[in-house]
Each structure stands twice: as C-alpha cells, then as structure tokens.
Amino acid sequence: KNKKIDTIRTDGGHRLYNVTKYIEERTNNNIIVENIEKIEQLNNNKNQIKQIVKDMCNVDYLVGKKHMHDSSVFVRPSGNPLDLNGWDKMMNNEDVSVESNDLLSINKLHVNGNMGYVCFTSHGKFRYKGTYNDDVAVLTYILEKIDDKWKIVWGQRSTGRKPDEDPPNFNL
C-alpha cells in the first residue's frame with residue numbers, strides 16, 4: 001500500500017503538489033487500464049474458441065483437427081472414447097461420409113485463465129456404416145491454452161435428435 005505523502009515542495013518551494021491525490025489517480029487509472037486489458041483478453045479468448053467451434057463444424061475434419069491436442073479424448077454418443085488416432089481413423093474410414101455440419105448455436109462459453117469450455121449445438125448430415133443420419137446434437141469441448149494456442153483436450157457429443165423435434169433448451 002502506498003504511504004501517505006501530503007505534499008512535496010518543488011521549484012524552490014514555490015509550488016506545492018498534492019502527491020497523495022496524484023498517487024490515487026494513477027492507481028485508479030492503472031486499475032481501469034488493467035480491467036480493460038483483462039476484458040479485451042477474455043473477449044479475444046472467447047472469439048478464438050468460437051472460431052475453433054466453427055472449424056470443428058467444417059465438413060473437412062482436418063480444418064478442426066488442428067485444434068485438437070495430441071492427447072485429446074472424444075466421447076461418442078455410445079459412450080466409447082476415441083483418442084486423436086482413433087478420431088483420425090474414424091474420419092478417414094470409408095464408412096464415414098459427411099454431407100454437412102452446421103453450427104446452430106453456442107449455448108455456453110466460459111474461460112478462466114488457460115482453461116475454458118464450450119457447449120454448442122450443431123446440425124449434421126452424414127452417413128455412418130451405410131446409415132444416413134440427419135440430426136441435431138449437443139457437443140461440449142474442454143479447452144486448454146497451451147503455448148498461447150487453445151487446444152481441445154476433451155470432447156463429448158450427445159445422441160442426435162431429428163431436426164423437426166424440439167431443439168435443446170439452454171434457457172435454464
């Protein structure tokens with residue numbers, strides 16, 4: 001804490017400056033600047049994560065794959081997890097063909113330091129082992145900022161519902 005200094009003489013004693021007031025104003029300005037910088041950083045982080053979600057919804061899975069950490073885990077609707085190797089094999093398998101995958105909404109996005117999570121809803125049309133799927137699913141990613149880049153360390157997808165069914169409601 002700053003020690004209180006009432007006044008200081010300068011210019012041979014002809015001027016008096018209220019140092020306490022000066023220190024308080026500088027401290028308040030620094031706090032305001034620090035808060036603005038924190039808000040800007042938070043918004044920047046959120047925008048980066050939103051872009052990652054958009055990339056993960058791209059029909060070309062390689063666009064999103066670059067955001068996945070080497071040790072990431074993705075849990076499918078069946079509950080069976082895939083590591084990055086398994087994800088790559090599944091997406092390169094002739095049994096999988098993606099027609100479209102549209103981001104419908106970001107339901108929740110939270111960042112705290114170098115960790116964050118995002119819950120979103122997408123509408124995908126794809127074939128899996130000969131079965132055509134046209135469904136709306138909720139996905140959740142946990143991300144970690146590593147070397148100044150956000151990486152998905154965990155992902156999970158819900159079972160899909162038909163597009164004409166009531167959409168998931170996150171207005172809780």
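As a reminder, the structure under discussion sits directly above these lines.
Residues numbered from 1 in each chain as written. Predicted model: local features only at pLDDT ≥ 70, side-chain atom pairs only at ≥ 80, totals over all residues. Heavy atoms only, no water.

Q: Kindly report on the side chain of aspartate 55, identifying the contributing residues and their values.
A: Following the sequence through the fold, aspartate 55 ends up in helix α1 (residues 19-56). Here aspartate 55 occupies a buried position and makes no salt bridge, while the nearest side chain of opposite charge, lysine 66, is found at 4.2 Å. Polar side-chain contacts of aspartate 55 include one of 2.7 Å to the side chain of histidine 67. With residues near it in sequence (within four places) discarded, aspartate 55 still touches Val63, Gly64, Lys66 and His67. (Helix = DSSP H or I, 4+ residues; strand = E, 2+ residues; numbered from the N terminus. Buried < 20%, exposed > 50% of the residue type's maximum accessible area, 1.4 Å probe, protein only. Lys, Arg positive; Asp, Glu negative; His and termini not counted. Salt bridge = Lys/Arg side-chain N within 4 Å of Asp/Glu carboxyl O. Polar contact = N/O pair within 3.5 Å; in protein donor to acceptor, adjacent residues only side chain to side chain. Contact = heavy atoms within 4.5 Å.)

Q: Please set out the pattern of salt bridges residue by residue, giving values where relevant.
A: Oppositely charged side chains are able to pair whenever their charged atoms sit close together. Here the structure, examined in full by the defined rule, presents 3 salt bridges. Between aspartate 88 and lysine 65 there is a salt bridge, with the nearest N and O atoms lying 3.2 Å from each other. Taken as a pair, aspartate 88 in helix α3 (residues 84-92) and lysine 65 in helix α2 (residues 61-65) lie far apart in primary sequence, 23 residues in all. Judged by its relative accessible area of 23%, lysine 65 falls in the partly exposed class. Two residues, aspartate 135 and arginine 157, come together in a salt bridge whose shortest N-O distance is 2.9 Å. You can see aspartate 135 sitting in strand β7 (residues 131-146) and its partner arginine 157 sitting in strand β8 (residues 149-157), a full 22 residues away along the chain. According to the relative accessible area criterion, aspartate 135 is buried, its value standing at 9%. What makes arginine 157 buried here is its relative accessible area of 18%.

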